[in-house]
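Coordinates in review
Given next are the chains, with one letter for each unit.
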Amino acid sequence: TAGITQAPTSQILAAGRSMTLRCTQDMRHNAMYWYRQDLGLGLRLIHYSNTAGTTGKGEVPDGYSVSRANTDDFPLTLASAVPSQTSVYFCASSEAGGQDTQYFGPGTRLTVL
Amino acid sequence: GQNIDQPTEMTATEGAIVQINCTYQTSGFNGLFWYQQHAGEAPTFLSYNVLDGLEEKGRFSSFLSRSKGYSYLLLKELQMKDSASYLCAVIGNDYKLSFGAGTTVTVRA
């Protein structure tokens, strides 16, 4: 089973350009999440979605937007990238949110120059 | 806000035991997770504690004391493949995961 897939694996992006990171899960999980991971800071929540059609802001939402048109897909968009958005981005999902275990995708390494 | 502390690095010898401590100060508590993350890979679930006490799962055990805001992950019979980062994460009142910065464990032959 695929679980969670993310695309692209890595990307170099010029500052000011837009970019959408893709995340797809095949586990029929209701809740999905986007995190960024930076050295020494751990994983920080950007946005989340408890169910299709709803989204919420996490700890570091500025500069990012998400949508959840269906259960399987949860894309993350950077409208105008800045160098501080250089990071590794992980998508995760859980069956129903709350205390349920989150399962992570393989990550996207993004470099903004 | 949430404050989750764990040591940055630990080194141990193959076959030994290592204990990774995690202390937390959070807005409410609804459970604590431990994840393992190998370099360049995704975090993978190891354990979940919501009640005080020890949860054992093979070579790995996790302990929780809610009154002390404290947990530890115990890795026994260390193997080279256990070299990884170990992430402590707490669910607070908002039912969102807050992560510590992670502890990098290096296993030496």
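Preceding this paragraph is the structure being described.
Residues numbered from 1 in each chain as written. Chains lettered and ligands numbered in written order. Predicted model: local features only at pLDDT ≥ 70, side-chain atom pairs only at ≥ 80, totals over all residues. Heavy atoms only, no water.

Some remarks on the sheet that holds strand β8 (residues 76–78) of chain A
All names here are of chain A. In spatial order, the strands read β1-β3-β8-β7; together these four strands make up an open sheet with antiparallel pairing. A single partner strand is all that each edge strand has here, and the edge strands are β1 (4–7) and β7 (64–66). This sheet shows a mean twist of 20° between the axes of neighbouring strands, independent of strand direction. Across four bridges, β1 lies against strand β3 (residues 19–25) in antiparallel orientation. Directly across from Ile4, in β3, lies its bridge partner Gln25. (Pairing = 2+ DSSP bridges. Helix = DSSP H or I, 4+ residues; strand = E, 2+ residues; numbered from the N terminus. Axes fitted to C-alpha atoms, helices over the stretch in contact; angles between N-to-C directions.)

Things to note about the interface of chain B and chain A
At the junction of the two partners, chain B supplies 18 residues and chain A supplies 18 residues. Counting each side, the surface lost to burial between chain B and chain A is near 1,400 Å², with a carbon and sulfur contribution of 61%. Linking chain B with chain A are zero salt bridges. If you look at where chain B meets chain A, you find four residue pairs in polar contact (both at pLDDT 80 or more). (Contact = heavy atoms within 4.5 Å. Buried area = accessible area lost by both parts, 1.4 Å probe. Salt bridge = Lys/Arg side-chain N within 4 Å of Asp/Glu carboxyl O. Polar contact = N/O pair within 3.5 Å; in protein donor to acceptor, adjacent residues only side chain to side chain.)

Side note on the nonpolar core
Burial of nonpolar side chains together is a common tendency in soluble globular proteins. In this structure, Ile20, Leu32, Trp34, Leu73, Leu75 and Tyr86 of chain B are the most contacted members of the largest nonpolar core, which totals 20 residues. Those residues in contact with Ile20 of chain B that lie beyond four places of it in its chain are Gln6, Pro7, Met10, Trp34, Ser71, Tyr72, Leu73, Leu75, Tyr86, Thr103 and Val105 of chain B. With 19 residues, the next largest nonpolar core counts Ile4, Leu13, Leu78 and Val112 of chain A among its residues. (Core = buried A, V, L, I, M, F, W, Y, C linked by side-chain atoms within 4.5 Å. Buried < 20%, exposed > 50% of the residue type's maximum accessible area, 1.4 Å probe, protein only.)

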